[in-house]
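# What the coordinates show
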Amino acid sequence: MSDSATTGTPVRRRYRFREYHVTAVVDPMALPTFEAACVTGEDHDCGATSGELHAEEDLTRWIAEHCAQTGHDFYHRTTRATLRAEPGAWQ
């Protein structure tokens, strides 16, 4: 096939991919992380964050302390874990 830059005609290329199943498995050697952000507020969110913590109990403690100090009662929680993709058999 000729080059599209020199002839002005598009070059067609075909690619064929075989499918395979992938399973996502939590890496047992990596610690999960938990984080909370206070979203209490009428005009705007409080915005206070816990920072990344490695124990869910520590996150609950931070929320309890922030709630006791401010009276705020709405939070977004983010949980992160490291996953490993395990490709399965080709289809």
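Please refer to the structure placed before this passage.
Figured I'd write up the structure that's included with this text. Note that the structure is predicted; figures quoted are calculated from it, not measured. (Residues numbered from 1 in each chain as written. Predicted model: local features only at pLDDT ≥ 70, side-chain atom pairs only at ≥ 80, totals over all residues. Heavy atoms only, no water.)

### Considerations on the pattern of salt bridges
- Enumeration according to the criterion identifies 4 salt bridges in this entry.
- Among the ionic pairs, Glu86 bridges to Arg84, the shortest N-O distance being 2.6 Å.
- Given the relative accessible area of 34%, Glu86 is considered partly exposed.
- Arg84 gets classed as partly exposed once you look at its relative accessible area, which sits at 39%. (Salt bridge = Lys/Arg side-chain N within 4 Å of Asp/Glu carboxyl O. Buried < 20%, exposed > 50% of the residue type's maximum accessible area, 1.4 Å probe, protein only.)

### Comments concerning the packing of aromatic side chains
- Evaluated as defined, the whole model comprises 1 aromatic pair.
- A ring pair is formed by Trp62 and Tyr75, whose centres lie 6.1 Å apart and whose planes are at 80°; its orientation type is edge-to-face. Taken together, the positions of Trp62 in helix 2 (residues 56-70) and Tyr75 in strand 3 (residues 75-80) put the pair 13 residues apart, joining distant regions of the chain.
- With relative accessibility at 19%, the residue Trp62 sits in the buried group. (Phe/Tyr/Trp six-rings, centres within 6.5 Å; stacked < 30°, edge-to-face > 60°. Helix = DSSP H or I, 4+ residues; strand = E, 2+ residues; numbered from the N terminus.)

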